[in-house]
Amino acid sequence: MRNNQIPYFNAVNKDSLIYSVDNVKIIFNITKEFLHEIKHSPAEVSLFKGCEYKRWHKGYYYKYIKYLENGAKMNISISNRHEKYQCSILCNPNKCFKDTRSIEFIKELLKRSTEYYISKLDIAVDIPVKYSLLEFDKSYAAKHTYQKNKGSYPMIFWGERNKKGYVRVYDKSDEAELDYDVTRVEMTIGNPYGKNDTYRFPSVWSHDNLNKADIPDNLSSTDISLIRLIVNNNDGLDEFNKLAYNKRKKLEPYISKQLNKIVIDTDVVRAVAYKMYDIIELPSSVYCDYNVKVIPESDDTK
């Protein structure tokens, strides 16, 4: 029986849309002393006590998995190639940060680091509408689809995975086995304090009265067929955008009556992203180099 609920941590609900951080990647440039402790006995590092240790390549890469009581996990990777002593943490705040030990663990890593910054965030926007009743359009970028199982709704995505600006849309109800309708739109952004382009989400419309289109009799049979095709088809807007300009202007008033635009508020997206710094309590006296780094302020930078 489907009765699961989506776990949220510090999510924002606005106009029935729920905004949250679904994934965060934090980079720590760790001290040489801490790196020496790891290299000396990687399976017995005091800070990583209780973590599962997975060796990648002796002397270069180390990987740990920290399991939390609620079943969530934090992936920890360490590299010391090319004189970069970096540790990265990748986790889902909606699951991990409900266990306060995860925040305490991050604070302990801060004490062993000289620089630290958020390098990647996945912002999730949950729409309480059935996937099949939504249309998505992002005409400025190539759209791709992936269908995991026969009979399931395909995932739609734009851009390159794990890169800034990557967007994917999928049926969250099916993925999380929910007993209510949720469609999720996710975007990967970089450091919220870094140099980010405007967050450009796909345009979203929901169908209304799919089979009761208010179509006047004075339109040609071809135009009536086009309107019905566009309104009753999940890829209808893609087909609509392919029409000639004059045809689009003619049909747009009738199509817009059947579609309700859902607005993703980019100001809320920014607020949710910025809040991550407060949640993990990164120091407030920092400056940003406009790429990705947020670096502790020192006497040399004041």
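The structure presented is a predicted model; accordingly, all values stated were derived computationally and were not measured.

Which residues make up the overall build of the protein chain, and what are the values?
Summing up its helical and strand segments, the protein chain has eight helices and 16 strands in all. Restricting the contact set of the protein chain to residue pairs at least 6 apart, pairs at least 24 apart contribute 64%.

So, the side chain of Ser113: which residues are in play, and what are the values?
Note that Ser113 resides in strand β7 (residues 113-127). You can call Ser113 buried: its relative accessible area is 11%. Within the structure, the side chain of Ser113 is placed 2.6 Å from the backbone oxygen of Leu109, a separation counted as a polar contact. Contact partners of Ser113, with chain neighbours within four places excluded, come to Phe28, Asn29, Ile30 and Thr31.

I'd like a rundown of the nonpolar core, residues and numbers included.
Formed by 65 residues in total, the largest nonpolar core has its most connected members in Phe28, Phe48 and Phe97. The leading source of residues in this core is strand β2 (residues 17-30), at eight residues. If sequence neighbours within four positions are ignored, Phe48 has contacts with Phe34, Ile38, Tyr64, Ile76, Ile78 and Phe105. The next biggest cluster of nonpolar side chains, apart from the first, holds 11 residues, and it includes Leu219, Ile224, Ile227 and Phe240.

Go over the state of the cysteines, please, and point to the residues and values.
All told, the structure shown has zero disulfides when counted by the stated rule. Cys91 forms no disulfide, and the closest cysteine sulfur to it belongs to Cys96, at a distance of 4.4 Å.

Describe the packing of aromatic side chains, and please don't skip the residues or the numbers.
All told, the structure shown has seven aromatic pairs when counted by the stated rule. Look at Tyr131 and Phe136: their rings are 6.4 Å apart centre to centre, the planes differ by 45°, and that puts the pair in the tilted class. Residue Tyr131 is classed as buried on the basis of its relative accessible area, which comes to 5%. Of the residues examined, Phe136 reaches a relative accessible area of 4% and is grouped as buried. An angle of 45° between the planes, with centres 6.3 Å apart, marks the rings of Phe157 and Tyr166 as tilted. Linked through ring pairs, Phe34, Phe48, Tyr53, Tyr64 and Phe105 together constitute an aromatic cluster.

How would you summarise the confidence of the model for the protein chain if you had to cite specific residues and measurements?
Confidence in the prediction of the protein chain, expressed as mean pLDDT, is 80, and 79% of residues score 70 or more. Strand β15 (residues 286-288) is the least confidently modelled element of the protein chain, averaging 48 in pLDDT, while strand β1 (residues 12-14) averages 96, the highest of any element. When the criterion is pLDDT under 50, residues 209-213 qualifies, and its contacts beyond four places in sequence or with other chains add up to seven contacts. The model gives residues 284-292 a pLDDT under 50, and that stretch makes 22 contacts with residues more than four places away or in other chains.

Reading guide: rules and limits
- Residues numbered from 1 in each chain as written.
- Predicted model: local features only at pLDDT ≥ 70, side-chain atom pairs only at ≥ 80, totals over all residues.
- Heavy atoms only, no water.
- Helix = DSSP H or I, 4+ residues; strand = E, 2+ residues; numbered from the N terminus.
- Contact = heavy atoms within 4.5 Å.
- Buried < 20%, exposed > 50% of the residue type's maximum accessible area, 1.4 Å probe, protein only.
- Polar contact = N/O pair within 3.5 Å; in protein donor to acceptor, adjacent residues only side chain to side chain.
- Core = buried A, V, L, I, M, F, W, Y, C linked by side-chain atoms within 4.5 Å.
- Disulfide = S-S within 2.5 Å.
- Phe/Tyr/Trp six-rings, centres within 6.5 Å; stacked < 30°, edge-to-face > 60°.
- pLDDT = per-residue confidence, 0-100.

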